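Structural overview
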Amino acid sequence: MDKVKCECGHVNPHGTIICESCGKPLEDEKKQLLNMRYEGVARRSQTYNQSIIDKIWNFFSSVKVGIGIIIVLLIASSIGTIFPQEMYINPTLNPADHYAEEYGVAGQIYYQLGFHNLYGSWWYMLLIAALGVSLIICSLDRVVPLYRALKTQRVTRHENFLKRQRIFGRSTVKDSQEELAKAKETLVEKKYKISEENGNLVAEKGRFSRWGPYVNHIGLIIFLLGAMLRYFPGMYVDDFVWIREGETVVIPGTDSEFYLENEKFLVELYDEDDEVFGEAMRQSGAPVVKTYETQAVLYQRDDSGTIGETGELIEVDRHNIRVNDPFKFSGFALYQVDYKLNELSEMSFDLVQKDSGESFGRIDIDLYDPQPEYDLGDGYKVKVLDYFPNYFFNDDGEPSTRSRIPDNPAFIFEMITPDYPDGEYSFVAIQQNLEPFGENDYRLAFANIDTSHVTALTVRKDYTLGFLIVGGIIFMFGLVQGSYWAHRRIWIQHQHGEVWIAAHTNKNWNSLMKEISEVLKPTTLTMPVDQVEQEEKQEEKQLEEKAPKEDTTDGSNK
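Now for a look at the structure at hand. (Residues numbered from 1 in each chain as written. Predicted model: local features only at pLDDT ≥ 70, side-chain atom pairs only at ≥ 80, totals over all residues. Heavy atoms only, no water.)

1. Focus: the overall build of the protein
Check the secondary structure of the protein and you find 12 helices and 24 strands. Expected size for 558 residues packed as a compact globule is a radius of gyration near 24 Å; at 40 Å, the protein overshoots this value by more than 25%. For the protein, the C-alpha atoms occupy an extent of roughly 130 × 85 × 65 Å along the three principal directions. Out of the 558 residues in the protein, the part that is buried amounts to 40%. The long-range fraction of contacts in the protein, counting pairs at least 24 apart against all pairs at least 6 apart in sequence, stands at 62%. For the protein, the accessible area works out to roughly 32000 Å², and carbon and sulfur atoms hold 52% of it. Here the protein carries 57 positive and 85 negative side-chain charges, and the mean point of each set is 22 Å from the other. (Helix = DSSP H or I, 4+ residues; strand = E, 2+ residues; numbered from the N terminus. Rg over C-alpha atoms; globule rule 2.2 N^0.38 Å. Buried < 20%, exposed > 50% of the residue type's maximum accessible area, 1.4 Å probe, protein only. Contact = heavy atoms within 4.5 Å. Areas by Shrake-Rupley, 256 points an atom, 1.4 Å probe, with all protein chains shown as cover. Lys, Arg positive; Asp, Glu negative; His and termini not counted. Charge placed at Lys NZ, Arg CZ, Asp CG, Glu CD.)

Below, the structure written as structure tokens:
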């Protein structure tokens, strides 16, 4: 589009309202005050509207759109707090079943709409990305032309620019140069930066406060970037792992590179003679835990051997993990958060002929990894047709499980013997041995049970924390920068044999008027007026004159 050339010779971008150099209004001559919010500069969003890029730019540059995105994010985040997020429920539970069983239809809808994992859902990330794009485009649409306008402005400004400032006044003095010198001296004392041209001057301070909102935006963009990076692989891990005593498991989030062994788990209880907890223990009859720890061994997989072969585990470190004393390695930290004593780990059964009581072998079932078949030899076999680690009977009267933790294990067995090659079926649980298809000649008799201590560790890794901290610091700096300082300018010029004074600030006009009063106190220059207040007073006066006067005449005088 064509550029606009001012009478001062400066070429302004199309859409400019106030000349960037001399300040002359480029719109039709009007009497109202100038809109100095963005120095009257041309903004792309208000100038171009032809291509698809322009339309996208104009959409995201709107402050209303940005506020709308924030409102949608706030509403979504509020809904996400109605029920616990998936990360806070037992990791052994099926989320779909848990929300339906625990919260009914509302929980099922909550799960189906993805609110159970709100902050990791694709549409929530899309909203955050949209907010980031809005912040970037809003900032660029305003800060670039604003910076150019403030950098280009001249000392001597057009008379219409001065007259249409909110604070404006005229003075007639004998020696204007001497009066300006006195005013300049006071301005310097008040830390104003003075620029002079042809006997005119402009005093300015606090320009850096104009960039406060944009520094805010930069901090917020960095903060949002840190939040989004949490969902990129390798940047953030917040997981949970249970490890039985003597077990070695892969550490979540390490791509099977690191393994951890629970060598031993220890719990220390307070003694009943303890001064602090002794009395409480005697009254409640329950022990009080003093400390608990996991004696952990860290292994790293060595993949330097033949390609395709699983590398051996090499011990790299040891640490006793306690509460507030995590095991740290390679950017990860393992925190002690919970434990479980004497959890069922293995159950043993004897295959017995009922009438004779003869045993034909024993099977030992790992409750975390049961085998599908156990061969006892001589034609005797036991098959595990189904396994319910924490069983219950559902609404249909069928056995089901609440979790994968073997708190209440149950099995459906098929017993194959030379007498019954087609097998006999049995449902076996703790203190239960049911025969659903009629009485059997063989049964599986409970023989033994083994338990183990289990430790619960939280696995943490956070490379995004630096982004969040830096973004937060920058945001607060921008907030202080834009809130506690103001951009103030005072123009003092010679016009038509008079001294004209005009001033502008982006906030706190009363403070600026007070400062101008102190600047002009040593001089004979007339104090300028606040044209907004003056206009309001005139309107109030006109309303009072038009209002009907109260009739105070006594009726007896008629």
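2. Some remarks on the nonpolar core
Ile 69, Leu 73, Tyr 124, Ile 128 and Leu 131 are the most contacted members of the largest nonpolar core, which totals 21 residues. Counting residues per element, this core draws most heavily on helix H5 (residues 122–152), which supplies 8 residues. (Core = buried A, V, L, I, M, F, W, Y, C linked by side-chain atoms within 4.5 Å.)

3. Considering the environment of Arg 170
Mapped onto the elements, Arg 170 comes out in strand S3 (residues 167–171). For the pair Arg 170 and Trp 500, spaced 330 residues apart in sequence, the C-alpha to C-alpha distance is 4.6 Å. Once residues within four sequence positions are removed from consideration, Arg 170 is found in contact with Lys 163, Glu 498, Val 499, Trp 500 and Thr 526.

4. Here's the deal with the sheet that holds strand S19 (residues 424–429)
Strands sit in the order S14-S15-S18-S19-S20 across an open sheet of 5 strands; the sheet is antiparallel. Of all strands in the sheet, those bounded by a partner on one side alone are strand S14 (373–377) and strand S20 (432–434). On average, each strand axis in the sheet is inclined to that of its neighbour by 20 degrees, with strand direction left out of account. Relative to S19, strand S18 (residues 410–416) runs antiparallel, the two sharing 6 bridges. Pairing of Glu 414 across the sheet is with Tyr 425, part of S19. (Pairing = 2+ DSSP bridges. Axes fitted to C-alpha atoms, helices over the stretch in contact; angles between N-to-C directions.)

5. Here we look at the sheet that holds strand S4 (residues 193–197)
Note: strands within a sheet are paired through backbone hydrogen bonds, in either parallel or antiparallel orientation. Spatially, the 6 strands line up as an open sheet ordered S4-S5-S22-S23-S3-S24, and their pairing is antiparallel. Looking along the sheet, the strands with just one partner apiece sit at the ends: S4 and strand S24 (529–530). Sheet analysis places strand S5 (residues 200–205) next to strand S22 (residues 488–495), joined by 5 bridges and oriented antiparallel. From the neighbouring strand, Glu 204 faces S22, where its bridge partner is Arg 489. Along the sheet, helix H11 (residues 509–520) contacts S3, S5, S22, strand S23 (498–505) and S24; its crossing angle with S23, the most-contacted strand, is approximately 145 degrees.

6. Thoughts on unusual backbone geometry
You will see that Ser 330, though not glycine, has its phi angle at about 45 degrees, which is positive. Of note, Ser 330 is situated in the loop between strand S11 (327–329) and strand S12 (332–353). A positive phi is found at Gln 431, a non-glycine position, where the angle reads about 60 degrees. Structurally, Gln 431 can be placed in the loop between S19 and S20.

7. Concerning the environment of Glu 315
Tracing the backbone shows Glu 315 in strand S10 (residues 313–322). The partly exposed category is assigned to Glu 315, whose relative accessible area is 40%. Taking the C-alpha atoms as reference points, Glu 315 and Ser 139, separated by 176 residues in sequence, lie 52 Å from one another. Setting aside chain neighbours within four positions, we find Glu 315 in contact with Val 297, Leu 298 and Tyr 299. Engagement of the side chain of Glu 315 in a polar contact is seen with the side chain of Arg 318, the distance being 2.7 Å. (Polar contact = N/O pair within 3.5 Å; in protein donor to acceptor, adjacent residues only side chain to side chain.)

8. Concerning the pattern of salt bridges
In this structure the tally under the stated criterion is 29 salt bridges. Across the salt bridge formed by Glu 39 and Arg 489, the nearest N and O atoms sit 2.7 Å from each other. Taken together, the residues span a long stretch of sequence, with Glu 39 in the loop between strand S2 (11–12) and helix H1 (44–47) and Arg 489 in strand S22 at a distance of 450 residues. Arg 489 matches Glu 39 in its accessibility class, with the two residues each being buried. Linking Lys 190 and Glu 518 is a salt bridge whose minimum nitrogen-to-oxygen distance equals 2.4 Å. Separated by 328 residues along the polypeptide, Lys 190 in the loop between helix H7 (176–189) and S4 and Glu 518 in helix H11 bring together distant segments of the chain. A relative accessible area of 21% means that Lys 190 is categorised as partly exposed. (Salt bridge = Lys/Arg side-chain N within 4 Å of Asp/Glu carboxyl O.)

9. With respect to the side chain of Ser 134
Among the secondary structure elements, Ser 134 is positioned in helix H5. Discounting residues that sit within four places of it in the chain, Ser 134 has contacts with Phe 60, Ser 62, Gly 66 and Ile 69.

10. Structural notes on the pairing of S23
Extensive coverage of S23 is indicated by the burial of 7 of its 8 residues. Counted between consecutive antiparallel strands, the loop separating S22 from S23 contains 2 residues, among which His 496 sits at a positive phi close to 55 degrees.

11. Brief notes about a negative patch on the surface
Taken together, the side chains of Glu 533, Glu 535, Glu 536, Glu 539, Glu 540, Glu 544 and Glu 545 make up a negatively charged region of the molecular surface. Take Glu 533: it is sitting in helix H12 (residues 531–546). By relative accessible area, Glu 533 is classed as partly exposed at 34%. (Patch = residues over 30% accessible without salt bridge, like charges linked within 9 Å, V, L, I, M, F, W, Y side chains within 5 Å.)

12. Some words on the packing of aromatic side chains
Tallied over the full model, the rule gives 34 aromatic pairs. A ring pair is formed by Phe 161 and Trp 491, whose centres lie 5.1 Å apart and whose planes are at 90 degrees; its orientation type is edge-to-face. In this pair, Phe 161 is assigned in helix H6 (residues 159–163) and Trp 491 in strand S22, connecting sequence segments 330 residues apart. Phe 161 gets classed as buried once you look at its relative accessible area, which sits at 1%. The class for Trp 491 is buried, based on a relative accessible area of 0%. Both rings, one in Tyr 425 and one in Phe 437, keep their centres 5.6 Å apart while their planes meet at 75 degrees; by these two values the pair is edge-to-face. Of this pair, Tyr 425 sits in strand S19 while Phe 437 sits in the loop between S20 and strand S21 (442–462), and the two are 12 residues apart along the sequence. Put simply, the rings of Phe 83, Tyr 99, Tyr 103, Tyr 110, Tyr 111, Phe 115, Tyr 119, Trp 123 and Tyr 124 touch in pairs and so form one group of aromatic residues. Its end group placed over the ring of Trp 57, Arg 44 keeps NZ or CZ at 5.4 Å from the ring centre. (Phe/Tyr/Trp six-rings, centres within 6.5 Å; stacked < 30°, edge-to-face > 60°. Lys NZ or Arg CZ within 6 Å of the ring centre and 35° of its normal.)

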